[in-house]
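# A look at the structure
Each chain, letter by letter, is given below.
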Amino acid sequence: MKSYRIGIFGLGTVATGVVKILREQAKTYAKRFNVAFEVVQVVVRDTEKLRDPKTQDLPISDDPKSILENPHIDIVIELIGGVKIAKHIIEQALKAGKHVITANKDLIAADGRRLAKLAEENQVGLYYEAAVAGGIPILRALSTSLSPDEIQQINGIMNGTSNFILTQMRQHKLSYEDALKLAQDKGFAEADPTNDVQGIDAAYKLRILTDFAFGKQVSQNDIQMTGISTITQTDLKDVSDLGYEIKLLATVSKSAANKLQLSVAPTLMPKDHPLASVQNENNAIFVNSRYSGGLMFYGPGAGEYATANSVVADLLALVTGSAAPAKFNTHPSSSLALAGPKDRIASRYMVFKVADRPGIIHKLSAFFLMSNINFRNIRQYDPVDDSTRVVIITYPASDAQLNPVKTTIRQARGVSFIHEYKLLVEPKENSHD
Ligand SMILES: NC(=O)c1ccc[n+]([C@@H]2O[C@H](COP(=O)([O-])OP(=O)(O)OC[C@H]3O[C@@H](n4cnc5c(N)ncnc54)[C@H](OP(=O)(O)O)[C@@H]3O)[C@@H](O)[C@H]2O)c1
């Protein structure tokens, strides 16, 4: 039997789960995989903190060198989060010839390729399945089962906090503020929820997926980001009446002209789309590909055991050689161009406040017709205080077509533009672009 000695940075939610799984499954792993793992050192910030009783006997220190300079440690698991210190730890570990497993999405999104190269140069493995959608094995699926295929589009609900908020708003008619407070009370949202509700967290994961699926490294600035905080109960009712569900969706799609379009934004999808059924803190990733068609990966995007299972899966892949380190990301770097305003084509749900006077809807329609944009649907509410809410669903139009319309409307009297959300573009629709 082969034995491996592990050093773990962090002993929080995920690391505690990793230790528990390794202990609970030790006999099984010995029998099934002929391997044994020993956690020989843990490094934390505060060595005095009260820990889970099942981890209290571990050797614990606040000195990174106790792992990084220990020649007997083969594998380092980084579970502290953040970028600066974690990056230093991972670099030092790789340079010292230690394999590294991490769940650190921010760091991998920004620096994954360079760290993977460093791992390759030092002939060790770097794995990070848990960095995208916690317990869902999407990276391994993309780099193994889907490697012969050609990915066309990925749509993911990859932020449990925002999906929980939207679900609670819809099911219990809560305001955004009340649903956020509930998420914070239940421990799903942090005191400062910006990263979750503005799409920043989902964008990190989308960058990693884009690299795996298309071989393209993108930055946060390449992703059009819109958060969920402006969605109101009135929007939810409109959307539902029109037959749609709204989700904070992270999307990367390749157009027929080989342009990549990336966004994290509230997106309308038909109520019967599989992603529409994903409720509360759950995550799901829907992959459209040339040969496999549509595949949905659904499950817990976070949590102690689910995330820890992904970390342990990396550990087993590493030691059993079931996925060679250099092959974790199978895509070579690609030079795919990013979509410009002419390539970003979608139907839109647009909300306006217009003065309650004759001819105003005609005027609004004329603005759209100038850019050759037609309406699929239009709803006008009863007036309140001399103004009325108008909701339009357009036929597919590009940003380039729509931008001048929005500029004209902003300058027009009696019409104000409130907000817009895109409708999910399914690959079939895309291929007609
Ligand atoms: N939680 C999830 O469900 C989930 C899902 C997917 C990915 N992830 C990722 O997994 C990683 C760990 O998340 P988590 O939820 O387990 O975090 P956590 O519960 O906050 O635990 C963080 C741990 O790191 C330690 N730590 C922080 N800074 C340190 C430093 N400078 N030196 C040494 N130790 C340090 C902390 O020590 P003390 O205990 O002494 O404070 C703590 O034990 C993050 O990258 C996160 O994004 C988490």
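Residues numbered from 1 in each chain as written. Predicted model: local features only at pLDDT ≥ 70, side-chain atom pairs only at ≥ 80, totals over all residues. Heavy atoms only, no water.

### A short note on the UniProt feature "binding site: L-homoserine" (unreviewed entry) in the protein
Which entries qualify depends on this criterion: UniProt positions are given in the numbering used here, feature names are shortened, and annotations may be inferred rather than shown by experiment. Numbering of helices and strands runs from the N terminus; a helix is a DSSP stretch of H or I covering at least four residues, while a strand is a stretch of E covering at least two.
Within the UniProt annotation, "binding site: L-homoserine" (unreviewed entry) is assigned to Glu190. Inspection of the secondary structure assignment puts glutamate 190 in the loop between helix H8 (176–185) and helix H9 (194–197).

### Focus: the site of the ligand
Operational definition: We define proximity as follows: a residue is near a molecule or strand when any one of its heavy atoms falls within 4 Å of that partner. N or O atoms within 3.5 Å of each other form a polar contact, as long as, within protein, one can give a hydrogen and the other can take it, and as long as residues adjacent in sequence are counted only when both atoms are side-chain atoms. In this description, accessible areas are obtained by the Shrake-Rupley approach with a 1.4 Å probe, and a residue is regarded as covered only by the protein chains that are shown. Residue polarity follows a fixed list, in which Ala, Val, Leu, Ile, Met, Phe, Trp, Tyr, Cys and Pro are nonpolar, Asp, Glu, Lys and Arg are charged, and the others, Gly among them, are polar.
Every one of the 22 residues lining the ligand counts as a neighbour, but Leu11, Asp46, Lys49, Arg51 and Gly303 are closest to it. Contact between the ligand and lysine 49: an oxygen atom at 2.8 Å from a side-chain N or O atom of the residue. Expressed as a share of its isolated accessible area of 900 Å², the protein-covered part of the ligand is 79%. Its residues assigned to classes, the shell around the ligand comprises ten nonpolar, seven polar and five charged.

### A few points about H8
The criterion, for reference: Each residue gets one of three labels from its accessible area relative to the maximum for its type: buried under 20%, exposed over 50%, partly exposed in between, using a 1.4 Å probe on protein chains only. Working definition: the arc comes from the directions between the helix axis and the C-beta atoms, pointing outward to the latter. Residue contacts are counted whenever heavy atoms from the two residues lie within 4.5 Å of one another.
All of the buried residues in H8 are Tyr176, Ala179, Leu180 and Ala183. Angularly, the buried residues of H8 cover 100° about the axis, an arc narrow enough to put them on a single face. Seen from the open side of H8, the exposed residues pointing more than 90 degrees away from its buried face are Glu177 and Asp185. Among the structural elements, helix H7 (160–172) and H9 are those in contact with the buried residues of H8. Following H8 by one or two positions, glycine 187 has its phi on the positive side, about 80°.

### What to know about the pattern of salt bridges
Condition: The rule for a salt bridge is simple: a side-chain nitrogen of Lys or Arg has to be within 4 Å of a carboxyl oxygen of Asp or Glu.
Overall, the coordinates contain 27 salt bridges when judged by the stated rule. Across the salt bridge formed by arginine 290 and glutamate 150, the nearest N and O atoms sit 3.1 Å from each other. Taken as a pair, arginine 290 in the loop between strand S11 (282–289) and strand S12 (293–300) and glutamate 150 in the loop between helix H6 (138–143) and strand S7 (151–157) lie far apart in primary sequence, 140 residues in all. Sharing partners across several salt bridges, the network here consists of Asp235, Lys237, Asp238, Asp241, Arg379 and Arg389.

### With respect to the packing of H7 against H8
Stated formally: Fitting a line to C-alpha atoms yields each axis, with helices limited to the stretch in contact; the angle taken between N-to-C directions then spans 0 to 180 degrees. In this scheme, roughly parallel covers angles under 35 degrees and roughly antiparallel covers those over 145, while 65 to 115 is roughly perpendicular and the rest are oblique. With the far helix as reference, a near helix turned anticlockwise by less than a right angle produces a left-handed crossing, and one turned clockwise produces a right-handed crossing.
The contact between H7 and H8 brings their axes to 9 Å, and the two run at 125°. Judged by the inter-axis angle, H7 sits oblique to H8. Considering the relative orientation of H7 and H8, their crossing is right-handed. Taken together, the residues of H8 that come into contact with H7 (itself represented by Phe164, Ile165, Gln168 and Met169) are Tyr176, Ala179, Leu180, Leu182 and Ala183. Its residues assigned to classes, the contact of H7 with H8 shows eight nonpolar, one polar and no charged.

### A short note on the environment of glutamine 233
Within the fold, glutamine 233 resides in helix H11 (residues 233–241). Since its relative accessible area comes to 26%, glutamine 233 is described here as partly exposed. The spacing of glutamine 233 and leucine 174 is 59 residues in sequence and 7.6 Å in space, taken between C-alpha atoms.

### Points about H7
To keep things clear, this is the line we draw: How far a helix is expected to stretch is found by multiplying one less than its residue total by 1.5 Å.
Over its 13 residues, H7 extends 18 Å from the first C-alpha to the last, a length consistent with the 18 Å expected when each residue adds 1.5 Å. Across the 13 residues of H7, ten count as buried, placing the element largely inside the fold. Those residues of H7 lying buried are Gly160, Thr161, Ser162, Asn163, Phe164, Ile165, Leu166, Thr167, Gln168 and Met169. Looking at the buried side of H7, the elements it contacts are S7, H8, H9, H11, strand S9 (244–254) and S11.

### Focus: the sheet that holds strand S2 (residues 35–43)
Our working rule: Here, a strand pair is defined by DSSP locating no fewer than two bridges between the strands.
Taken in spatial order, the six strands of this open sheet run S3-S2-S1-S4-S5-S6, and their pairing is parallel. Each edge of the sheet is formed by a strand with only one pairing partner; in this case those strands are strand S3 (60–61) and strand S6 (126–127). Two elements, strand S1 (residues 2–9) and strand S4 (residues 75–78), share four bridges in a ladder whose sense is parallel. The residue bridging isoleucine 8 from the neighbouring strand is isoleucine 77, located in S4. Helix-sheet contacts for helix H4 (residues 84–95) involve S1, S4, strand S5 (99–102) and S6, and the interaxial angle to S5 is about 155°.

### Quick word on the domain arrangement of the protein
Defined as follows: Here the limits of each domain have been adopted from an automatic or database domain assignment. Accessible area that two parts lose when put together, evaluated with a 1.4 Å probe and summed over both, is termed the buried area.
Examined at the domain level, the protein breaks down into domain 1 (2–127), domain 2 (150–300) and domain 3 (345–424). Inter-centroid distance (C-alpha atoms) of domain 2 to domain 3 is 24 Å. Taken together, the contacts link 20 residues of domain 2 with 16 residues of domain 3. Considering only the surface of domain 2 that becomes buried against domain 3, Asp238, Leu242 and Leu268 emerge as the three largest contributors, covering 34% of it. Between the two partners, domain 2 and domain 3, sit four salt bridges. Where arginine 389 meets aspartate 238, a salt bridge forms, and the shortest distance between an N and an O atom there is 2.7 Å. For the pair domain 2 and domain 3, the number of links is eleven residue pairs in polar contact (both at pLDDT 80 or more). Elements supplying a minimum of two residues to the side of domain 2 that touches domain 3: S7, H11, S9 and strand S10 (259–270). Its residues assigned to classes, the side of domain 2 that touches domain 3 shows nine nonpolar, eight polar and three charged.

### Here's the deal with unusual backbone geometry
We note that asparagine 258 has phi near 65°; this positive angle belongs to a residue other than glycine. Looking at where asparagine 258 falls in the secondary structure, it is placed in the loop between S9 and S10. A residue is classified by how much of its surface remains accessible, and asparagine 258, at 42% relative accessible area, is partly exposed. Its identity as a non-glycine residue notwithstanding, asparagine 280 has a phi of 50°, on the positive side. Among the secondary structure elements, asparagine 280 is positioned in the loop between S10 and S11.

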